[in-house]
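Analysis of the macromolecular model
Letter by letter, the chains look like this.
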Amino acid sequence: MSCSAFGCTTRHSNESAVQFFRFPSDARLKQWLVNMRRDTRKCPKKSRLCSSHFEDISFSQTSRSRGG
Ligand SMILES: [Zn+2]
């Protein structure tokens, strides 16, 4: 398994703590694609995105607001 993000070479391994996530089917998908720099018109159904890209993604609706 490998990450679908542009330029990302992260692969799943037992040694790394990286996690892979399926793409959402709602509006969050667009934000995912923006973050991973992919064409938003192409929906990667079978793709996965590694946790390295989730620092700026609010994939959890419960933690959208931060201080600042
Ligand atoms: Zn990645």
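Bear in mind the structure is a predicted one, so any value in this text is a computation, not a measurement.

Within the chain, the regular secondary structure consists of one helix and two strands. The linear arrangement of helices and strands in the chain, starting from the amino end, is β-α-β. Every one of the 68 residues in the chain was classed for burial, and the buried ones make up 10%. In the chain, once contacts between residues fewer than 6 apart in sequence are set aside, the share between residues at least 24 apart is 62%.

Here we come to the nonpolar core. Proteins that are soluble and globular tend to have nonpolar side chains buried together. Within the largest apolar cluster, seven residues are counted, these being Cys-3, Ala-5, Trp-32, Leu-33, Met-36, Leu-49 and Cys-50. The set of elements that each furnish at least two residues to this core consists of α1 (28–35) and β2 (48–50).

This brings us to the environment of Ser-52. Tracing the sequence through the fold places Ser-52 in the segment after β2. Under the C-beta neighbour-count criterion, Ser-52 is labelled partly exposed, with 14 such atoms within 10 Å.

Tracing the sequence through the fold places Lys-46 in the loop between α1 and β2. Lys-46 sits in the exposed class, given 7 other C-beta atoms within 10 Å. Residues Lys-46 and Phe-23, spaced 23 residues apart in sequence, show a C-alpha to C-alpha distance of 8.1 Å.

Let us look at the environment of Cys-50. Structurally, the position occupied by Cys-50 is in strand β2. The exposure class assigned to Cys-50 is buried, which follows from the 22 C-beta atoms found within 10 Å. As a C-alpha pair, Cys-50 and Arg-11 span 39 residues in sequence and 8.2 Å in three-dimensional space.

The rules behind the values
Residues numbered from 1 in each chain as written. Predicted model: local features only at pLDDT ≥ 70, side-chain atom pairs only at ≥ 80, totals over all residues. Helix = DSSP H or I, 4+ residues; strand = E, 2+ residues; numbered from the N terminus. Buried ≥ 20, exposed ≤ 12 C-beta atoms within 10 Å, placed from the backbone. Contact = placed C-beta atoms within 7 Å. Core = buried A, V, L, I, M, F, W, Y, C linked by C-beta atoms within 7 Å.

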